[in-house]
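Listed below are the residues making up each chain.
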Amino acid sequence: MMAWTLDYTQFEPQRERLREALCALGNGYFVTRGAAEEAQAGDHHYPGTYLAGGYNRVTTRIAGQEVENEDLVNLPNWLCLTFCVDEGEWFSPLTVEWLDWRQSLDLQDGVLRRELRFRDRQGRETTLLARRLVHMGKPHLAAIEWQLRADNWSGRIRVCSALDGRVSNDGVARYRTLASHHLVMPVTEALEADTIRLGVETSQSGLRVVEAARTRVFVGATPLEVERKTIREERYIADELTLELTSGQTVTVEKVVALFSSRDRAIADPALAAHDALEGAGRFAELLTTHVQAWAWLWRRCDVRLEDGHRTQMILRLHIFHLLQTVSPHSVELDVGVPARGLHGEAYRGHVFWDELFIFPFLNFRIPEITRALLRYRYRRLDEARRMAAVAGYRGAMYPWQSGSSGREESQKLHLNPNSGRWIADNSALQRHVSSAVAYNVWRYYEVTGDREFLAYYGAEMLLEIARFWASAAHWNPQRERYDITGVMGPDEFHDRYPDAASPGLDNNTYTNMMAAWVLKRAIEVRDVIGAERRQELGEALSLTEREIAQWEEISSRLFVAFHADGIPSQFEGYEQLKEFDWEGYRHRYGDIQRLDRLLEAEGDSVNRYKASKQADVLMLFYLFSTEELGELFAQLGYPFAGELLPRTIAYYQQRTSDGSTLSRVVSSWVLARLDRPRSLALLKDALESDITDVQGGTTAEGIHLGAMAGTVDLVQRGQTGLEIRGGCLRLNPSLPRRLRGLHLRLRFRGHWLELAISSSGMTLEAAEGWEGPGQVMAGNQVHDFMAGQCLTFHYRGPDRGWHLGTPPVPDNSDNVDHPDPAA
């Protein structure tokens, strides 16, 4: 079970918030952090429950400005469960002597377990075994089971089971000067003898949320009659149970909770729905059985099995686990996006960025129905993207860098530098490239699924309107006879203006321009894919003319890309004139320089003056596109492209990147596979460890980095297998690390499941459940026929000869095969 559990064996208060994020439980509808039931929010603990799409806006006055922020709201704490002996103090992990402390997150079953043995100040020794679940099959239900044993004492105990609405959004220290209270109109009710209910409403969005809790006590399978008292305070209701416990006796306390909102479908009222759900819920063991079954179904689709992977295997499963808790099959029925920090905390205010680029590849090949639903979140906000483009003086659709409930731009106008204590301008809304990410995700989803219906009725309209935006953003430069795109920010995020410039924005960011050219080309192509009738309908609906399409064709081949004198693509026009940065000196001075922008601002300097990037910018192109695709894109723009350009470009920017984003390590690991395999593997390891060891020093406690988590899985799923789609054909070109003996996974392509197994010297591909996809597959650069029920076996014959059909003539026991670059 080691590869299926995240285990802790020591109570460390200073690390509890990190563990609460990593041990969060959820089901795509809501997520609850892994705080102990008895814990209260404070320096060491932060219980938090977050509903997918549960946003609210509040206003704060900062630096003379009214600043409105939209937050993913922290909902009432349903975990509250504690006890005391006689009239003593309530159980707290901070006031007892620990005799044994173990916590385990079971990734296979989706259960958080604690095994505790402690001695209180009176010398009483107690054992507590706790289990918790947030039901993956029944998205409105969660449950806690306590087995409480008096080891060396007898006495009267009180158990307090509560719903606590006295919560705020207080999980991120740098946000604490901003308004954080979102819940109003609390209603508390005691229902049946064992059930309480709490309802609240968000102050601006009017979202009504109701939680109901049923608490019962058992000795074995027998219900135990207990004294009960209801305690009510403002925004709080508790059921206090009193019972006798004798030395050596164990009692079981079960708390089952239902959570509903006013936006749920097929309900008359969330309060009534919560009540009815509890009435139909069985005991903890019954809920556990169906919950485990739901997770088993998911793991059958989504597991990535490594041979001799050890810790890597466990972390990969942890990352898949949190991805599926944030977006699950339940997301298909919801109007939600993918928050960059999951539903695990309040960092980035629960907003949706461009992290879908790193998340969707995994979902596309496993549960593409989720991708489809998440793309429809973007489609529903297409009108808002059109409005934003128009306000900014453009045509078409311009998606926001940060999105929430409505699709408006949620990026902050000011942000706090904790190093200097100053509020500074936030220009990140100039990252227009997020619109290209939306278009890219639409096209890649279509390539994997062949879902023409989605493309025709949702995806194509987004592609066309994003292309129209880029065409309107491009301006003809007669001196160079090229089109420019000016006043933007690239993915780097450090650079938001030229040194000493009065206004923000950069010109001709290479990533932005090349993605715009790619989008324009795909928009032209999509008109042929969707068929004549739908092409005509969209043309009429969007007033799209052949003249406009011709203009797109011209712009897509004439956008300007800046190059350094040695031929390396420049991050943006003028980048080459910036100063080189003293990396060695600053590492010696500060140690951790990931957030170089904050360090320099605190010194009165600006990162805009230097060749220093937070994360991959130009290199993002090498992450998103294969070498073949990049060659086509450069040729489309009329620029030369040689193989030697890749290693030189990668080396140049790697030396000038601080890796201040967890995503940066994912991208760097991917692209360095073409240049420096040992360094690539080291960065993959760093990326795997980024959240579990909190490499950024406190950020994971505020919410996991979901894009980086999904990106590490994709590094294995696509990076190590060389998986890509070429001309509608599935291509595999594996390249396993030397220390990894084997890889097993299932892939869903064009509606059918494929079984893939790879070793250091061989590969098998099987369509055991039927196959109606393309009649051919590629192994390396060789094309092979592939039919339903067929199992193809390939062996690797070296870098010059590649992958060949058939078993190897001589068994190869080496695990040191230097396989080809999967993206070559």
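Everything that follows concerns the structure shown earlier in this document.
Residues numbered from 1 in each chain as written. Predicted model: local features only at pLDDT ≥ 70, side-chain atom pairs only at ≥ 80, totals over all residues. Heavy atoms only, no water.

Trainee: Break down the overall build of the protein for me, citing the residues and quoting the values.
Mentor: When you go through the protein residue by residue, the secondary structure sums to 20 helices and 33 strands. Over its C-alpha atoms the protein spans a radius of gyration of 28 Å, differing by no more than 12% from the 28 Å that the globule rule assigns to 824 residues. Counting only C-alpha atoms and orienting by the principal axes, one finds that the protein spans roughly 85 × 75 × 60 Å. For the protein, with 824 residues in total, the buried portion stands at 64%. Looking at the protein alone, contacts between residues at least 24 apart form 68% of all its contacts between residues at least 6 apart. Approximately 30200 Å² of the protein is accessible, and the part contributed by carbon and sulfur atoms is 47%. Considering the protein, the positive charge centre built from 93 side chains and the negative charge centre built from 113 side chains are found 1 Å apart. (Helix = DSSP H or I, 4+ residues; strand = E, 2+ residues; numbered from the N terminus. Rg over C-alpha atoms; globule rule 2.2 N^0.38 Å. Buried < 20%, exposed > 50% of the residue type's maximum accessible area, 1.4 Å probe, protein only. Contact = heavy atoms within 4.5 Å. Areas by Shrake-Rupley, 256 points an atom, 1.4 Å probe, with all protein chains shown as cover. Lys, Arg positive; Asp, Glu negative; His and termini not counted. Charge placed at Lys NZ, Arg CZ, Asp CG, Glu CD.)

Trainee: Break down the sheet that holds strand β28 (residues 752–759) for me, citing the residues and quoting the values.
Mentor: If you trace the six strands from one edge of the open sheet to the other, you get β20-β27-β28-β29-β32-β33, paired in antiparallel fashion. At either margin of the open sheet sits one strand with a lone partner, and together these are β20 (304–307) and β33 (803–805). Averaged over all pairs of adjacent strands, the angle between strand axes in this sheet comes to 20°, irrespective of strand direction. Where strand β32 (residues 791–796) meets β33, three bridges bridge the pair, whose relative direction is antiparallel. Its bridge partner being in β33, Tyr-796 is matched across the sheet by Trp-803. (Pairing = 2+ DSSP bridges. Axes fitted to C-alpha atoms, helices over the stretch in contact; angles between N-to-C directions.)

Trainee: Describe the nonpolar core, listing the residues and the values that go with them.
Mentor: Counting 227 residues, the largest nonpolar core has Trp-354, Trp-552 and Met-620 as its most contacted members. With 14 residues, the single largest contributor to this core is helix α9 (residues 452–473). When residues no more than four places from it in sequence are discounted, the contact partners of Trp-354 are Trp-401, His-433, Val-434, Ala-437, Pro-491, Tyr-511, Gln-615, Met-620 and Leu-663. Within the second largest apolar cluster, 18 residues are counted, among which are Val-256, Ala-274, Ala-281 and Leu-288. (Core = buried A, V, L, I, M, F, W, Y, C linked by side-chain atoms within 4.5 Å.)

Trainee: Any details on the packing of aromatic side chains? Residues and values, ideally.
Mentor: Scanning the model with the defined rule gives 43 aromatic pairs in all. Plain terms: the ring middles of Phe-91 and Phe-118 are 4.5 Å apart, the flat faces sit at 15° to each other, and that makes the pair stacked. On the criterion of sequence distance, the pair formed by Phe-91 in the loop between β7 (81–85) and β8 (97–106) and Phe-118 in strand β9 (residues 111–119) is long-range, its members being 27 residues apart. Accessibility classification places Phe-91 together with Phe-118 in one group, the buried group. Arranged with centres 5.9 Å apart and planes meeting at 80°, the rings of Tyr-498 and Phe-572 form a pair that is edge-to-face. With Tyr-498 in the loop between β24 (482–485) and α10 (510–529) and Phe-572 in the loop between α12 (546–558) and α13 (583–590), this pair connects stretches of sequence that are 74 residues apart. According to the relative accessible area criterion, Tyr-498 is partly exposed, its value standing at 23%. By the ring-pair criterion, three or more aromatic residues cluster together here, those being Tyr-348, Phe-353, Trp-354, Phe-358, Trp-401, Tyr-511, Tyr-623 and Trp-670. In this structure, Arg-349 is placed above the aromatic ring of Tyr-175, and the distance from its NZ or CZ to the ring centre is 4.1 Å. (Phe/Tyr/Trp six-rings, centres within 6.5 Å; stacked < 30°, edge-to-face > 60°. Lys NZ or Arg CZ within 6 Å of the ring centre and 35° of its normal.)

Trainee: Go over the sheet that holds strand β30 (residues 776–779), please, and point to the residues and values.
Mentor: An order of β25-β26-β30-β31 is seen for the four strands of this open sheet, with the pairing classed as mixed. In the strand order of this sheet, the two ends are held by β25 (724–726) and β31 (782–785), each with one partner. Mean inter-strand twist for the sheet, computed between neighbouring axes without regard to direction, equals 35°. Relative to β30, strand β26 (residues 729–732) runs parallel, the two sharing three bridges. Within β30, the residue paired with Arg-731 across the bridge is Met-778.

Trainee: Can you break down helix α3 (residues 284–302) residue by residue, with the values?
Mentor: Helix length check: α3 (19 residues) gives 26 Å between terminal C-alpha atoms against 27 Å at 1.5 Å per residue, within 8%. Taken together, the buried positions of α3 are Phe-284, Leu-287, Leu-288, His-291, Ala-294, Trp-295, Leu-298, Trp-299 and Cys-302. Viewed end-on, α3 has its buried residues packed into an arc of 140°, placing them on one side of the element. Exposed and facing more than 90 degrees away from the buried side of α3 are Thr-289, Trp-297 and Arg-300. (Expected span 1.5 Å × (residues − 1). Arc of directions from axis to C-beta.)

Trainee: Lay out the pairing of strand β5 (residues 55–62) in plain terms, naming residues and giving numbers.
Mentor: Counting buried residues in β5 gives six out of eight residues, a clear majority hidden from the surface. The pairing of β5 with strand β6 (residues 65–72) spans eight bridges and is antiparallel. In the strand pairing of β6, Arg-57 is matched with Glu-70. Counting the residues in the hairpin turn of β5 and β6 gives two residues, including Ala-63, whose phi is positive at 50°.

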